[in-house]
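Architecture at a glance
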Amino acid sequence: MIYRSSEVHCINPDCQRPYPQPWGNKFCNSCGAVLQLLDRYVPLQTLGAGGFAQIYTVWDENTQTEKVLKVLIEDSPKALELFTQEAEVLVRLRHPGVPKVEADGHFQVNVSNPKPRQLPCLVMEKINGPTLEEMLHKYPQGCPEDLVLNWLTQAVKILQELHKHQIIHRDIKPSNLMLRTPSPSMLASQGRTGWEQLVLIDFGGAKQFNTGRQRQESSSTRLFSSGYSPPEQVTGGHIGLTADFYALGRTMIELLTGKYPPELEDSQTGVLQWRNRVSVRPQLADLLDEMVQEDVRSRPANAAMIQKRLAKINPSASPQNGFQQFLTQFTHQLTLLSQGTEQAFSNLNQTLGKILRWIVQTIFQTIQACFLTIWAMLLTGLGASSGTITGFILAYQTNLGDRFREFLASQLPELIPNPESGFGAEIFIFAVAGLGTAWGLTASGCFAQRRRFLVASFMGIISYAFGWLVWQVITSTADSGEGLVGATAISVFLLALSMGFRSHHIVYAMISSFGTAIAVAVLIVLGFPANILEVSSRHLWSDLSLPLAFFSSVGILMSFWLGVSYYLIVPGLRFLGWR
């Protein structure tokens, strides 16, 4: 499955124009914030706001599925504490009744506009289906008893899993219970809706408790939902497992009657007067009444007790003879086997499709990378050649070289006490060759660089001129070949460092500098003349071939190693976590 949307949503809460952004953009056109989170999640549209957070639908490039992204936009420490607590709870839990969150689903995104800040993010499984609050719109007079009994049974199993991990949800209500829509084949076999997997959502108020000190600990945060939370939670007192049972009981009573719980309260006692509004089994009504008792000690103590009561109420749990039990189990196993086989083939087809798409994309991206790198090498080599020829003409066909030598000798007499006659011409050739190299590389527009011709031109002149100076210093104490390798390394390093790459500037500079210098050293070992600027007046134009070959080679090698950095090394560093 390949997502076909053409619009992306920026998650920066201060962005002036967050939507729509073109699909494929790495950064927001309005505020510059990153759009593809962790190089994986692409925000598609908002789903609304929940508490201190903004909710989005995101596309997961790795799994090719839609997921839900929760972004904390509140700066308070308490909001961050609750958000982090929710992430930790969901990462730990593995239950079909709880949204799945991967281990790396909790992360932070840096934004810098209008001010630097970090946005905590949480990516979780997207539950497709209605909430129980939405189901009430379908049954305004109250939902059927068997549906409510089924939902209650599933909810208790979820709470048993939470309480086993010493977690209290603290915010159970119809809007926080969803029905995961199953496959069409399962719906057809059941013949009705409402029997879908129940999922408990919104763990922003979840609380960790200590079994040994549960009675002595109080709620760390006064968080409650009016109409559902028990009195001890509303007043900020001690809460325990029964707080979830109280909220669940009130939720189920609302689903049965279609009435908001406070509307059912007796004005004198506060007790819910609901049994005369709907006809349900007395055992179920008694259980719900016990769950919503104001006195904590009068409620069921744990989920196991409620499950035992439900097993007696639920008709599906009535005794069956041996043959009926065998037939029921056999039919159930066949259904599971059929669904498992269908799912296995579906997963196999999806996996093969993903592998095929990955192979095609990899081949296309490899060809594109090779073409763009060759294009950059060609333009950089042409730019270096043009710069070398121009510098050669200006240095030896005009008096600019001599004037430049005289200027440096007068301005820097201590640094250059006895400049040779070719001194000015040599540094002039280096500087103009650097200018041409920078122009060629910038004109190619490759490697996601910002095309800054003025900055690149200035730094091309400075870096190559400084490289020539390094050459002179090293040559005065060592072999001329070592000096040329050193000049190459420092020239390429400074020029690459100044190019407008999006990130990892030092990586581009070091790889291109080291790789180009090593290649030049190999050429010198193989016999390439180290003194490339020996020029005589008799053979002026024939002596141009050596510096022309050198500077062109340096430009080509520099572009090659920048391509290696951009397409291989930098993606590898990003994969390892260096952002």
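Whatever comes next refers back to the structure up there.
Attention here is on the structure that accompanies the text. (Residues numbered from 1 in each chain as written. Predicted model: local features only at pLDDT ≥ 70, side-chain atom pairs only at ≥ 80, totals over all residues. Heavy atoms only, no water.)

Moving on, we come to the side chain of Arg-299. Position of Arg-299 among the secondary structure elements: in the loop between α7 (282-291) and α8 (303-313). Under the relative-accessibility criterion, Arg-299 is labelled buried at 5%. A distance of 2.6 Å separates the side chain of Arg-299 from the backbone oxygen of Gln-293, its partner in a polar contact. For Arg-299, the contacting residues outside a window of four places in its chain are Pro-230, Pro-231, Glu-232, Thr-242, Ala-243, Tyr-246, Glu-290, Met-291, Gln-293 and Glu-294. (Helix = DSSP H or I, 4+ residues; strand = E, 2+ residues; numbered from the N terminus. Buried < 20%, exposed > 50% of the residue type's maximum accessible area, 1.4 Å probe, protein only. Polar contact = N/O pair within 3.5 Å; in protein donor to acceptor, adjacent residues only side chain to side chain. Contact = heavy atoms within 4.5 Å.)

Before going further, it helps to spend a moment on the packing of aromatic side chains. Enumeration over the complete set of coordinates arrives at 12 aromatic pairs. An angle of 75° between the planes, with centres 6.4 Å apart, marks the rings of Phe-447 and Tyr-567 as edge-to-face. Of this pair, Phe-447 sits in the loop between α11 (423-444) and α12 (453-475) while Tyr-567 sits in helix α15 (residues 545-575), and the two are 120 residues apart along the sequence. Given a relative accessible area of 3%, Phe-447 falls into the buried group. Owing to a relative accessible area of 28%, Tyr-567 belongs among the partly exposed residues under this scheme. Measuring from ring centre to ring centre gives 5.2 Å for Phe-560 and Trp-561, while their planes differ by 75°; the resulting arrangement is edge-to-face. Phe-560 gets classed as partly exposed once you look at its relative accessible area, which sits at 34%. Since its relative accessible area comes to 26%, Trp-561 is described here as partly exposed. Through pairs of rings, three or more aromatic residues link up here, namely Phe-430, Tyr-464, Trp-471, Phe-550 and Phe-551. (Phe/Tyr/Trp six-rings, centres within 6.5 Å; stacked < 30°, edge-to-face > 60°.)

This paragraph deals with the environment of Trp-274. Structurally, the position occupied by Trp-274 is in the loop between α6 (242-257) and α7. Between the alpha carbons of Trp-274 and Ile-253 there is a distance of 7.6 Å; along the sequence they are 21 residues apart. Once residues lying within four places of it in the same chain are set aside, the contact partners of Trp-274 are Ile-253, Leu-256, Thr-257, Leu-264, Val-280, Ala-285, Leu-288 and Asp-289.

A few words now on the packing of helix α3 (residues 145-164) against α8. Relative to each other, α3 and α8 sit at 155°, their axes nearing to 9 Å. Taken as axis vectors, α3 and α8 run roughly antiparallel relative to one another. Once α3 is placed against α8, the crossing between them reads as left-handed. Note on element contacts: α8 touches α3 through Ala-303, Ala-304, Ile-306, Gln-307, Leu-310 and Ile-313, opposite Leu-149, Leu-152, Thr-153, Val-156, Lys-157 and Gln-160. A class-by-class count of the residues in the contact of α3 with α8 yields 8 nonpolar, 3 polar and 1 charged. (Axes fitted to C-alpha atoms, helices over the stretch in contact; angles between N-to-C directions. Parallel < 35°, antiparallel > 145°, perpendicular 65-115°, else oblique. Left-handed = near helix turned anticlockwise from the far one by under 90°. Nonpolar A, V, L, I, M, F, W, Y, C, P; charged D, E, K, R; others polar.)

Once that is clear, we can look at the pattern of salt bridges. Within this structure, the stated rule accounts for 21 salt bridges. Between Asp-14 and Arg-117 there is a salt bridge, and its shortest N-O distance comes to 3.4 Å. With Asp-14 in the loop between β1 (7-8) and β2 (21-22) and Arg-117 in strand β7 (residues 117-125), this residue pair connects regions lying 103 residues apart in the sequence. Look at Asp-14 and you get partly exposed, because its relative accessible area is 31%. Judged by relative accessible area, which is 15%, Arg-117 ranks as buried. (Salt bridge = Lys/Arg side-chain N within 4 Å of Asp/Glu carboxyl O.)

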